[in-house]
Amino acid sequence: MSPNASDAEGVVQVVLGRGPLIPLDYLCPGEAPPGTLVRVPFRRGAAVGLVVARGPAEVPRERLRPVLDVIGPALGDAGEALFVAEAMRRRYLCSWPQAVAPLLSCAHGFVPEAALWEAAATLDPDALDRLRRRAPRQYEALAALGAGPGRLPATLSAALAGKGLVRRYEPPRPAPPRGGGPRPTPAQSEALRRLREGRGGVHLLFGVTGSGKTEIYFRLIEDALAAGRGALLLVPEIALTAQLVDLVQARFGPRAAVLHSAVGDAARHSALRRLHEGRADVVVGPRSAAFAPVDPGVVIVDEQHEQSYQQEEAPRYHAQDVVLWRAARRGATVVLGSATPDLGTFQAAREGRIGLVELPERIGGRPLPEVRLADLRRWPGRIFSPELVRMVQESLQAGQQTILLLNRRGFHPSMVCTGCGHVPTCPQCSVGLSYHEGGEAVCHLCGWRGPAPRRCPECRGPLRLLGTGTQRVAQAARETWPGARVLRLDRDAVQQRDGAERVYAAFRGGQADILVGTQMVAKGFDFPLVTAVGVIVADIGLGQPDYRAAERTFQLLMQVSGRAGRAEHPGRAVIQCYDPDHPSVRFALRHDYLGFAEQELEERRRGGYPPFGELLLIGYSGMEEQAVADLARRRTEELERLSGGRARVLGPAPAPIPKAQGRYRWQTLLAGRRRETLRAIAAGLWPLADGPDLREALIFDPRQFR
Ligand SMILES: [Zn+2]
Ligand SMILES: [Zn+2]
């Protein structure tokens, strides 16, 4: 049976976030172009989905169920929403439901409040009379709107709108922002001038820590509002604690909508509702806010190098990709801010593919902290070198604050049997357990916790506790500087108390002298009293099997030393390490991003790593080791065949962590010059295994700029 026009009429194809892999057909009498959010009956309940196409139906019309509600365009613009969903599928090789899931999450909480309608400005008395006689239900609904805007069932709104008797209610534009803010410095004014000149383009705002990027962001947002548009400001999750939110709310008042998982469901829903209704138009949030329903005149990604912009499970999107697609559709200006941009983005700016605007100095000409190196090989067994002890002592005497960074939680990160060398591992992962305060053993991969074994489970020999974690550093700090008030900030501390926010507030409020923590202490926050920063072991992350290990270490060292001396006091930092010659350490000592980038990019070029080549990882996991290994071998052979020499196929091999959360993991790596080639090769694996027993994932290198 061939579909004809009447079959296609009023039929929409809808993708549900957690539904079947293919779009489902529904009847939709009203207007719902592709990219529209709808509520539909699904199984025995209802679900929100995205219209991805219109008719014809795969099944006979009589068997189709009607859409319950037309919610409105996703992202605030249906065409844009469809464009983004399709780009997600193409770019991340994910399924329809995976591609639309993030768009649907920004509809959540708005669903019960479907569109508002109001009566048309002039109503023809004859038409009204006809309506009263022929369609009394429509007439009653229309009469009810006489009291003001209201909601209508989809069938009634479609019928009434078709007759020109009702129209969608457009709430009045929100109040103008309060403005204000400090006078820009000459450097800020110059950066603003260049960004305004490059309106509609993509720019890297490369500015050292403390150079005043926030004020530039706020002024660009004010520009967008003045032009009748909205703004999107993405920040790393950790920066979304009270400090930044207060600044945004002070500046933009009720027009600001903070989309943050920690604000609680009610607050998030209310923010989304205000956005959907047009009452708010300045969005601040983490990576998921990239899908917020707003018309952005400007899009800002602050600390764009942060890993938290990358979603780690499907769809494995990078928030920077998403906002770039949206900005391209909407003609928005994009500003990517960082003191240590990711090398792919930096290379794009260097090649002139995107704009480069620099803010080379700290506000008020404050000098960057003086950074010194302490070679830990000279002080075996010590946590603090004499250089670090002296620096902290002086800071304490001056009544100032210190940050001590160690990117490893717990008390002793590892345990080993002195008798047989056995390492107690997590029952679910192939990862050694860490010893935590209170005699707990913790898996840092999956979070498993249990009582720490006292003796070796294999030979009953004594267990030795090795290495240093943040808990041990905090204890050593109390012993080394008696009387100093020490706070700890890491994932354990955050779980015990009520969140990072409280620790931040206490430290900022001067209720402690020393803050010990993981990378959380390095990010996003401005502590005016901190004059000293100590890095306990700088080269801790360099051994990881990841070509970005050097870049990440360098960024972390730059960031944490930038925490020192942000107000009127000059800052100092001591970096302790085992390999003082490593480029990540050497260049961080001199605050030399350009030097580091130059050297590291050359390494990447030679090795064919991004941004000079492309990588695609195919991961396999499952509950049975043999089945996973077999799948990996089969798939690798397929990939060899599909690639036909167009890409290097590396593997199969067990993943760097061969077992996690009870699942065995293998992988194959594809390396080649062009992303499109790798994608075409990997697409030949379709359909992917996706179940509890066996699962496959395609992971493109996330830190790429296009
Ligand atoms: Zn043993
Ligand atoms: Zn585990």
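The rules behind each value
- Residues numbered from 1 in each chain as written.
- Chains lettered and ligands numbered in written order.
- Predicted model: local features only at pLDDT ≥ 70, side-chain atom pairs only at ≥ 80, totals over all residues.
- Heavy atoms only, no water.
- Helix = DSSP H or I, 4+ residues; strand = E, 2+ residues; numbered from the N terminus.
- Rg over C-alpha atoms; globule rule 2.2 N^0.38 Å.
- Buried < 20%, exposed > 50% of the residue type's maximum accessible area, 1.4 Å probe, protein only.
- Areas by Shrake-Rupley, 256 points an atom, 1.4 Å probe, with all protein chains shown as cover.
- Lys, Arg positive; Asp, Glu negative; His and termini not counted.
- Charge placed at Lys NZ, Arg CZ, Asp CG, Glu CD.
- Pairing = 2+ DSSP bridges.
- Axes fitted to C-alpha atoms, helices over the stretch in contact; angles between N-to-C directions.
- Contact = heavy atoms within 4.5 Å.
- Core = buried A, V, L, I, M, F, W, Y, C linked by side-chain atoms within 4.5 Å.
- Donors = N, O, S within 2.8 Å, 3.2 Å for Na, K, Ca; no water.
- Tetrahedral: all angles 85-135°; square planar, octahedral: opposite > 155°, others 65-115°.
- Parallel < 35°, antiparallel > 145°, perpendicular 65-115°, else oblique.
- Left-handed = near helix turned anticlockwise from the far one by under 90°.
- Nonpolar A, V, L, I, M, F, W, Y, C, P; charged D, E, K, R; others polar.
- Salt bridge = Lys/Arg side-chain N within 4 Å of Asp/Glu carboxyl O.
- pLDDT = per-residue confidence, 0-100.

Caption draft 1: Geometry of the overall build of the protein. Of the regular secondary structure elements, the protein holds 21 helices and 29 strands. A compact globule built from 706 residues should have a C-alpha radius of gyration of about 27 Å, and the protein, at 28 Å, falls within 12% of that. Oriented by its inertia axes, the alpha-carbon framework of the protein measures out at about 95 × 65 × 50 Å. Evaluated residue by residue, the protein yields a buried proportion of 54% over its 706 residues. For the protein, the accessible area works out to roughly 31000 Å², and carbon and sulfur atoms hold 50% of it. Within the protein, one finds 92 positive and 75 negative side-chain charges whose respective centroids are separated by 1 Å.

Caption draft 2: Spotlight on the sheet that holds strand 13 (residues 333–338). Judged by pairing direction, the sheet is parallel, and its seven strands sit side by side in the order 10-11-9-12-13-8-14 without closing on themselves. The outermost strands of the open sheet, each flanked by one partner alone, are strand 10 (256–258) and strand 14 (355–359). Each strand of the sheet is rotated relative to its neighbour by a mean of 20 degrees, with strand direction disregarded. In the sheet, strand 8 (residues 202–207) pairs with strand 13 via five bridges, with the strands oriented parallel. Bridging across to strand 13, L205 finds its partner in G337. Against the sheet, helix 7 (residues 186–197) makes contact with strand 8, strand 13 and strand 14, and its axis sits at roughly 170 degrees relative to strand 14, the strand it touches most.

Caption draft 3: Molecular detail of the sheet that holds strand 26 (residues 614–622). Read from one edge to the other, the open sheet built from four strands follows the order 27-28-26-29, with strand pairing classed as antiparallel. Across the chains shown, the open sheet's two edge strands, defined by having one partner strand only, are strand 27 (648–660) and strand 29 (694–700). Ignoring which end each strand starts from, the neighbouring axes of this sheet average 20 degrees apart. Packed on one face of the sheet, helix 20 (residues 625–643) meets strand 26, strand 27, strand 28 (663–672) and strand 29 and runs near 15 degrees to strand 28.

Caption draft 4: Representation of the pairing of strand 17 (residues 414–417). Judged by which residues are buried, strand 17 turns out to be one-sided: M415 and C417 face inward and are buried, whereas S414 and V416, on the alternate face, are not. Inspection of the sheet shows strand 17 paired to strand 21 (residues 463–466) by four bridges, in the antiparallel sense. Bridge assignment links C417 to a residue of strand 21, and that residue is L463.

Caption draft 5: Structural context of the nonpolar core. Formed by 95 residues in total, the largest nonpolar core has its most connected members in M88, L234, F291, I403 and L515. A total of seven residues in this core trace back to one element, the largest contributor, which is helix 2 (residues 78–92). Once you skip the residues sitting within four places of it in the chain, F291 turns out to touch L75, V84, M88, P102, L103, C106, Y317, V322 and R326. Of all hydrophobic cores here, the second largest spans 25 residues; its members include I216, A256, V298 and L359.

Caption draft 6: Spatial organisation of the pairing of strand 11 (residues 282–285). Of the two faces of strand 11, the one lined by V282 and V284 and the one lined by V283 and G285 are each fully buried. Pairing of strand 9 (residues 230–234) with strand 11, which is carried by four bridges, proceeds in the parallel orientation. Bridged to A231 within strand 11 is V282. Sheet topology note: the strand 10/strand 11 ladder contains three bridges and is parallel. Bridge pairing in strand 11 links A257 to V283.

Caption draft 7: Examining the coordination of the zinc ion (ligand 2) more closely. Protein-derived ligands of the zinc ion (ligand 2) are C426 (SG), C429 (SG), C443 (SG) and C446 (SG), with the metal-ligand distances lying across 2.3 to 2.4 Å. Around the zinc ion (ligand 2), the four donor atoms sit at angles spanning 106 to 116 degrees, and that spread fits a shape best called tetrahedral.

Caption draft 8: The arrangement of the packing of helix 2 against helix 3 (residues 96–105) in detail. At a minimum axis distance of 9 Å, the contact between helix 2 and helix 3 shows a crossing angle of 135 degrees. By the angle between their directions, the pair helix 2 and helix 3 is classed as oblique. Classified by chirality, the crossing of helix 3 by helix 2 is right-handed. Contact residues: A81, A85, E86, M88 and R89 in helix 2; W96, A99, V100, P102 and L103 in helix 3. Tallied by class, the residues present in the contact of helix 2 with helix 3 amount to eight nonpolar, no polar and two charged.

Caption draft 9: Representation of the coordination of the zinc ion (ligand 1). The coordination sphere of the zinc ion (ligand 1) contains the protein donors C417 (SG), C420 (SG), C456 (SG) and C459 (SG), at a distance range of 2.3 to 2.4 Å. Here the zinc ion (ligand 1) is ringed by four donor atoms whose angles at the metal span 99 to 114 degrees, and the overall shape comes out tetrahedral. Each donor residue of the zinc ion (ligand 1) lies on the same chain, and together they follow the pattern C-x2-C-x35-C-x2-C. Here C420, found in the loop between strand 17 and strand 18 (434–436), pairs with C459, found in the loop between strand 20 (449–451) and strand 21; they are 39 residues apart in sequence, far enough to count as distant. Given the relative accessible area of 37%, C459 is considered partly exposed.

Caption draft 10: Up close: the pattern of salt bridges. This structure, assessed with the given rule, holds 39 salt bridges. A salt bridge links E215 to R251; the shortest N-O distance between them is 2.8 Å. With E215 in helix 8 (residues 213–226) and R251 in helix 9 (residues 242–252), this pair connects stretches of sequence that are 36 residues apart. For D490, the salt bridge goes to R488, with nearest N and O atoms at 3.0 Å.

Caption draft 11: Representation of the confidence of the model for the protein within the structure. Scored by pLDDT, the protein has a mean of 87; 93% of the residues are at 70 or more. Mean pLDDT across the elements of the protein bottoms out in helix 1 (residues 5–8) (48) and peaks in helix 14 (residues 470–480) (97). Per-residue pLDDT stays below 50 along residues 1–7; that stretch engages in five contacts with residues further than four places along the chain or on separate chains.

Caption draft 12: Looking closely at the environment of R665. Following the sequence through the fold, R665 ends up in strand 28. The sequence separation of R665 and V628 amounts to 37 residues, and the corresponding C-alpha distance is 7.0 Å. Apart from residues no more than four positions distant in its own chain, R665 is found in contact with Y620, S621, V628, P654, A655, I657, P658, K659 and A660.

Caption draft 13: Spotlight on the environment of A87. Along the polypeptide, A87 turns up in helix 2. In this structure, the C-alpha to C-alpha distance between A87 and A99, residues twelve residues apart in sequence, is 8.5 Å. In contact with A87, not counting residues within four places along its chain, are Y92 and W325.

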